[in-house]
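In case you want the letters, here they are:
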Amino acid sequence: QYVQAEEFANRYALRYPKGRDGQAVYFFKIQSLYASGQLDKALELLRNDEAPLSPQVEALKARIFFDQKQWTQVIAILEKSTSEEHASERALQRMLAESYFQAGQDAKAQPLFTQIVTTDKDNEQARFRLAQIAQRSNDTELALNLYKELAEKKTTSPWTRLAGEEAALLQLQLKNNSIAPK
């Protein structure tokens, strides 16, 4: 089905190079390539300077770069378009926060993760990331409290399990005085 979508998009572009639905058809083509796992082909089309741009296309481009763990590319796309178009889209906000975190930009990631936790109290990944950021900034007590708080939820999520493990490790390190609490 994705091959057909790509073929239809190609035919439209060939027959109506300046057609009024060109932007929508282009987005549909990129979306089909993405859904069928042809990320390289999708990115090749997205890198074309003549590609029609829209907030939808930019969001999809960010998702593709995110899937490929190209954090700086995700940040560049979402920083310039996050303003009005995507501010309300939580998935893009989480993507930007995670990209900042993975790129080591904790000062930018922390407020986004805090905002995510405020609007979605069950977002365990964001809670875990906040604990990691506290730990990376040597705020051991805060990190320990955040890990414990998450681990006490006792859900089946891998984040709660990891939080329990991290809390145990931090407690052990504190007990052995290898880390002095802040």
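Up top you'll find the structure we're talking about.
The notes below deal with the structure included here.

Cut-offs applied
- Numbers given for residues are sequential positions, taken from 1 along each chain in its written order.
- Owing to the predicted nature of the model, reporting of local features is limited to residues with pLDDT of at least 70; listing and counting of side-chain atom pairs is limited to 80 or more, with chain, interface and lining totals taken over all residues.
- Side-chain measures here rest on the full set of heavy atoms in the structure, leaving out hydrogens and waters.
- Think of it this way: a Phe, Tyr or Trp ring, Trp meaning its six-membered ring, pairs with another when their centres are within 6.5 Å, and the plane angle makes it stacked under 30 degrees, edge-to-face over 60, tilted otherwise.
- Comment: elements are numbered from the N terminus, with helices defined as DSSP H or I runs of at least four residues and strands as E runs of at least two.
- What is meant by a nonpolar core is a set of buried Ala, Val, Leu, Ile, Met, Phe, Trp, Tyr and Cys residues, joined one to another through side-chain atoms within 4.5 Å.
- Accessible area is worked out with a 1.4 Å probe on protein chains only. A residue is then buried under 20% of its type maximum, exposed over 50%, and partly exposed in between.
- Here an angle of 0 to 180 degrees is reported between the N-to-C directions of two axes, which are lines fitted to C-alpha atoms, with helices fitted over the stretch in contact.
- Angles are sorted into four bins: roughly parallel if under 35 degrees, roughly antiparallel if over 145, roughly perpendicular if 65 to 115, and oblique for all others.
- Crossing handedness: left-handed means the near helix sits turned counterclockwise from the far one by under a right angle, and right-handed means the same turn made clockwise.
- The contact criterion used is simple: two residues touch if any of their non-hydrogen atoms lie within 4.5 Å.
- A helix is expected to span 1.5 Å multiplied by its residue count minus one.
- Note that the arc is computed from the directions linking the helix axis to the C-beta atoms.
- Pairing of N or O atoms within 3.5 Å defines a polar contact, subject to two protein rules: one partner must be a possible hydrogen donor and the other a possible acceptor, and residues neighboring in sequence count only if both atoms are side-chain atoms.
- The term salt bridge refers to a side-chain nitrogen of Lys or Arg lying within 4 Å of a carboxyl oxygen of Asp or Glu.

### Some details on the packing of aromatic side chains
Remark: the centre distance and the inter-plane angle together describe each pair of aromatic rings, the angle taken between the planes.
Then, number 1: For the structure on display, the rule yields four aromatic pairs.
Then, number 2: With centroids separated by 5.3 Å and ring planes inclined at 50°, the aromatic side chains of F128 and W159 adopt a geometry described as tilted. One end of the pair, F128, is in helix α8 (residues 124–136); the other, W159, is in helix α10 (residues 158–175), and 31 residues separate them in sequence.
Then, number 3: One aromatic cluster is present, formed by F128, Y147 and W159 through successive ring pairs.

### Describing the nonpolar core
Then, number 1: Core analysis: the biggest nonpolar cluster contains 32 residues, and I30, L46, I64, L78 and F113 have the highest contact counts within it.
Then, number 2: For this core, the elements supplying multiple residues, two or more each, are α2 (22–35), α3 (39–46), α4 (55–67), α5 (71–81), α6 (90–102), α7 (106–119) and α8.
Then, number 3: Counting residues in hydrophobic clusters, the runner-up holds twelve residues, among them F128, A131, L150 and L170.

### Observations concerning the packing of α5 against α6
Then, number 1: Closest axis-to-axis distance for the α5/α6 pair is 9 Å, and the angle between their directions is 135°. As the angle between them shows, α5 and α6 are arranged oblique. In this structure, the crossing between α5 and α6 has a hand that is left-handed. In contact with W71, V74, I75, L78 and E79 of α5, α6 contributes L92, M95, L96, S99, Y100 and Q102.

### Digging into α10
Then, number 1: Its 18 residues place the ends of α10 26 Å apart at the C-alpha level, agreeing with the 26 Å of an ideal helix rising 1.5 Å per residue.
Then, number 2: Buried within α10 are the following residues: T160, A163, A167, L170 and L174. Angularly, the buried residues of α10 cover 85° about the axis, an arc narrow enough to put them on a single face.
Then, number 3: Of the residues that open α10, the one with a side-chain oxygen 3.0 Å from the backbone nitrogen of W159 is S157.

### Describing the pattern of salt bridges
Side chains that carry opposite charge are capable of pairing whenever their charged atoms lie near each other.
Then, number 1: Counted according to the given criterion, the structure contains ten salt bridges.
Then, number 2: The closest approach of N and O atoms between E89 and R63, which form a salt bridge, is 2.8 Å. You can see E89 sitting in the loop between α5 and α6 and its partner R63 sitting in helix α4, a full 26 residues away along the chain.
Then, number 3: Here R63 falls in the partly exposed class, since its relative accessible area comes to 25%.
Then, number 4: E79 is paired through a salt bridge with K108; the nearest N and O atoms lie 3.4 Å apart. A residue pair is termed long-range when its members are at least 10 positions apart, and E79 in helix α5 and K108 in helix α7 qualify at 29 residues.
Then, number 5: Each of E58, K61 and K80 takes part in one network of salt bridges that share partners.

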